[in-house]
Amino acid sequence: MAKIKIGIVGNGGICGAHCAGYDREADRAEVYAVCDINIERAKALAKRYNIPDERVFDNVHDMVNLPEIDAVSVCTWNNGHAECTLAALNAGKHVLCEKPMAFNAKQAQEMKDAADKAGKLLMIGFVRRYGNDCKVMKDFVNADYFGDIYYAKATYLRRHGSPGGWFSNIELSGGGPLIDLGVHVIDLTRYIMGNHKPVSVYGATFNHLKNRPGVSNSGGYKSADAGSGEIFDVEDLATALIRFDNGAVISVEASFSLNTKHDKGDIEFFGTKGGAKLSPELELYSDVNGYLTNTQLDFPTALSFNGLFENEISHFLDCIIDGVPCQSPAEDGVEIMKILDAIYESARTGHEVTID
Ligand SMILES: NC(=O)c1ccc[n+]([C@@H]2O[C@H](COP(=O)([O-])OP(=O)(O)OC[C@H]3O[C@@H](n4cnc5c(N)ncnc54)[C@H](O)[C@@H]3O)[C@@H](O)[C@H]2O)c1
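1. Points about the sheet that holds strand S14 (residues 291-296)
Ordered in space as S14-S13-S12-S11-S7-S10-S9-S8-S15, the nine strands form an open sheet in which the pairing is mixed. Two strands in the sheet have a free side with no partner beyond their single neighbour: S14 and strand S15 (353-354). Relative to strand S9 (residues 237-244), strand S8 (residues 198-206) is paired through eight bridges, and the arrangement is antiparallel. Opposite Pro198, over in S9, you have Phe244 as the bridge partner. On top of the sheet, helix H8 (residues 177-192) reaches strand S7 (149-157), S8, S9, strand S10 (249-255) and strand S11 (267-271); it is set at about 150° to S10, its chief contact.

Structure below.
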């Protein structure tokens with residue numbers, strides 16, 4: 001079987017995680033062409049894969065013209081997701097597009113329409129769906145352990161954790177921690193709860209602390225272009241209540257900067273028969289024989305981002321090669337963008353926003 005030839009556009013931090021996934025799948029795929037507006041970054045990646053100069057690009061439209069390429073990983077700044085995905089789909093390539101799918105729901109819908117028209121796969125990089133913890137929770141949901149899950153908390157708080165560079169520049173990112181971090185936990189929580197349709201949102205955003213100028217940073221994930229003197233015109237904290245058509249509600253919180261003791265990534269579910277905390281370790285809550293019970297699984301469910309990306313890339317190839325149904329399809333990306341649009345609108349207007 002011929003290997004799937006991959007073009008990767010955006011050769012910064014997260015491109016490395018995609019590459020690790022393709023490396024693990026060396027029998028089925030090869031990184032064949034690379035592209036970055038920072039050509040030196042593209043050349044450095046090309047060197048690692050012995051990719052010749054004629055397959056190193058600084059413009060996605062040139063890369064997707066290569067007829068040999070089967071599929072494209074889109075790992076650019078958020079403002080490039082729609083342009084790069086549309087270029088690849090229109091050139092007849094399958095696409096794995098990083099989260100957030102786009103800047104807004106309108107762009108996301110255009111991307112989905114282009115995939116439908118081209119008859120190509122458009123998978124969204126909702127990487128948290130590919131974790132063990134997600135699979136285990138789904139298994140418990142399917143076994144009706146929780147009954148009706150009517151409330152959930154989706155938290156992704158960083159005390160001092162802006163990734164820097166473009167992440168805090170609204171023209172390049174489209175927003176702050178909500179579109180960057182909140183998107184992960186909103187999607188994961190909604191997915192586990194059964195992907196119900198969002199109907200309304202009440203949200204608020206703040207930008208009091210920004211990137212905490214003058215406070216030393218203890219590290220964490222950084223953009224390839226992180227540096228001093230960055231623009232910070234996004235929110236530093238977002239919070240929202242999201243209501244779904246089955247009556248369930250998700251409460252979300254996401255921050256780059258917040259006066260709290262620890263970074264926090266808790267995701268909690270509350271159902272009529274049982275509840276659970278997903279991160280950092282999976283714990284189940286119920287009552288048995290008239291006693292409140294807490295259950296810990298003797299099974300590795302702790303979050304490991306590297307394993308997640310490798311699972312995600314394997315699934316992308318399974319979809320392309322074997323026609324396996326996509327676990328994080330474009331239609332879910334569109335729904336999540338509608339939620340994010342509505343939260344930002346609610347924060348601007350101070351009112352609840354309904355979603356069509
Ligand atoms: N799934 C996850 O957990 C996860 C984690 C981090 C980042 N991401 C997403 O991955 C994407 C990239 O983030 P990153 O951390 O790698 O950023 P980064 O700043 O480290 O790298 C981005 C790269 O894209 C290049 N680029 C920007 N626009 C381009 C364009 N139009 N064409 C070609 N190259 C372009 C930049 O020059 C840079 O080298 C973002 O959308 C981000 O939200 C996802």
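That shown, we press on.
2. So, helix H4 (residues 81-90)
Residue pairs three or four apart in sequence face the same way in an α-helix, which turns once every 3.6 residues. Within H4, seven of the 10 residues are buried, leaving the element largely enclosed by the surrounding structure. For H4, the full list of buried residues reads His81, Ala82, Cys84, Thr85, Ala87, Ala88 and Leu89. In the stretch just after H4, Gly92 is the one whose phi turns positive, near 85°.

3. Side note on the sheet that holds strand S3 (residues 56-57)
Reading across the sheet, the six strands line up as S3-S2-S1-S4-S5-S6 and stay open at both edges, with parallel pairing between neighbours. The open sheet has two edge strands, S3 and strand S6 (122-125), and neither has a second partner. Sheet topology note: the strand S4 (residues 71-74)/strand S5 (residues 94-98) ladder contains four bridges and is parallel. The partner of Ser73 across the bridge, within S5, is Leu96. Sheet strands in contact with H4 are strand S1 (4-9), S4, S5 and S6, and its direction is about 170° off that of S5.

What counts as what
- Residues numbered from 1 in each chain as written.
- Predicted model: local features only at pLDDT ≥ 70, side-chain atom pairs only at ≥ 80, totals over all residues.
- Heavy atoms only, no water.
- Pairing = 2+ DSSP bridges.
- Helix = DSSP H or I, 4+ residues; strand = E, 2+ residues; numbered from the N terminus.
- Contact = heavy atoms within 4.5 Å.
- Axes fitted to C-alpha atoms, helices over the stretch in contact; angles between N-to-C directions.
- Buried < 20%, exposed > 50% of the residue type's maximum accessible area, 1.4 Å probe, protein only.

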